[in-house]
Amino acid sequence: MTSTLTGERADILELLRAHRGFLRHTVQNLTDEQARLRPTKSELCLGGLIKHVTEVERSWADFIRNGRKFDAYDEAAFAEQAATFHPTDEETLEALLAEYAAVAERTDEIVASVPDLDLSHQLPDAPWQEEKGQRWTVRRALLHIAAETAQHAGHADIIRETIDGQKTMG
């Protein structure tokens with residue numbers, strides 16, 4: 001179904017797939033131990049970035065389908081978000097990547113099937129929003145997923161280069 005898309009939907013899919021590909025490339029051929037390393041001053045690790053981006057994409061896809069999950073950000077919501085950066089001991093890189101692929105596939109199905117990219121939902125109130133009651137369209141949520149993925153693919157590239165010198169580009 002997605003291979004026959006044209007125009008804006010095809011462009012969105014291409015953007016999502018490109019940045020997901022950069023992130024997946026960055027973690028290729030790593031051990032689970034390497035995926036948990038924190039070789040920079042940052043708390044970030046490669047496995048945690050995969051886990052986080054998966055959860056971000058899952059939550060925005062849920063927002064597209066069902067609207068906002070909660071009314072405001074509180075300490076529990078911040079703690080839940082922070083936990084997405086830390087894989088558990090049981091979460092292997094292979095399992096994290098498999099879950100990422102499954103979530104990406106569901107998001108791609110949304111791109112192909114949502115009736116209108118201009119459909120919108122109200123965002124939950126958050127401290128970083130200047131306006132209360134702001135709404136985001138499906139399009140904006142999808143582009144946010146792409147931006148979030150691109151930002152964290154850059155973080156991942158720095159971490160990977162620190163671990164063993166591999167770079168995604170260059």
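Structure's up top.
As the structure is a prediction and not an experimental result, all values here were calculated from the model.

Digging into the pattern of salt bridges
Evaluation of the coordinates by the stated rule reveals 10 salt bridges. As a salt-bridge pair, arginine 139 and glutamate 8 come within 2.4 Å of each other at their nearest N and O atoms. Separated by 131 residues along the polypeptide, arginine 139 in helix H6 (residues 138–164) and glutamate 8 in helix H1 (residues 7–26) bring together distant segments of the chain. Judged by relative accessible area, arginine 139 falls into the partly exposed class, the value being 22%. A salt bridge links arginine 58 to glutamate 99, with the nearest nitrogen and oxygen atoms 2.7 Å apart. Of this pair, arginine 58 sits in helix H3 (residues 46–66) while glutamate 99 sits in helix H5 (residues 93–113), placing them 41 residues apart in sequence. Judged by relative accessible area, glutamate 99 falls into the partly exposed class, the value being 31%. By sharing partners, the salt bridges in this structure join Arg17, Arg20, Glu57 and Asp108 into a single network.

A short note on the layout of surface pockets
Reported here for the largest pocket is a volume of approximately 970 Å³. Along its surface, the largest pocket is lined by 34 residues, and Ser59, Trp60, Tyr73, Gln81 and Trp128 are the ones closest to its centre. Broken down by secondary-structure element, the contributors of at least two residues to the lining of the largest pocket are H3, helix H4 (75–83) and H6. A per-element tally of the lining of the largest pocket places H3 first, with 8 residues.

As for the packing of aromatic side chains
One pass over the full model with this rule turns up 2 aromatic pairs. Centroid distance tryptophan 60 to phenylalanine 63: 5.2 Å. Interplanar angle 75 degrees. Geometry classified as edge-to-face. Taken together, the positions of tryptophan 60 and phenylalanine 63, both in helix H3 and 3 residues apart, correspond to about one turn of that helix. Owing to a relative accessible area of 5%, phenylalanine 63 belongs among the buried residues under this scheme.

Some remarks on H3
Across its 21 residues, H3 extends 30 Å between first and last C-alpha, which sits within 8% of the 30 Å expected from 1.5 Å per residue. Burial of H3 is extensive: 15 of the 21 residues sit out of reach of the surface. Positive backbone phi, at 85 degrees, marks glycine 67, one or two positions downstream of H3.

Conventions we followed
Residues numbered from 1 in each chain as written. Predicted model: local features only at pLDDT ≥ 70, side-chain atom pairs only at ≥ 80, totals over all residues. Heavy atoms only, no water. Salt bridge = Lys/Arg side-chain N within 4 Å of Asp/Glu carboxyl O. Helix = DSSP H or I, 4+ residues; strand = E, 2+ residues; numbered from the N terminus. Buried < 20%, exposed > 50% of the residue type's maximum accessible area, 1.4 Å probe, protein only. 1 Å grid on protein atoms, 1.4 Å probe; cavity = no way out; pocket = protein on both sides within 12 Å on 5 of 7 lines; lining within 4 Å. Points joined across faces, edges and corners; volume = space filled by probe spheres on them. Phe/Tyr/Trp six-rings, centres within 6.5 Å; stacked < 30°, edge-to-face > 60°. Expected span 1.5 Å × (residues − 1).

From the geometry alone we can't say anything about function, so treat these as descriptive.
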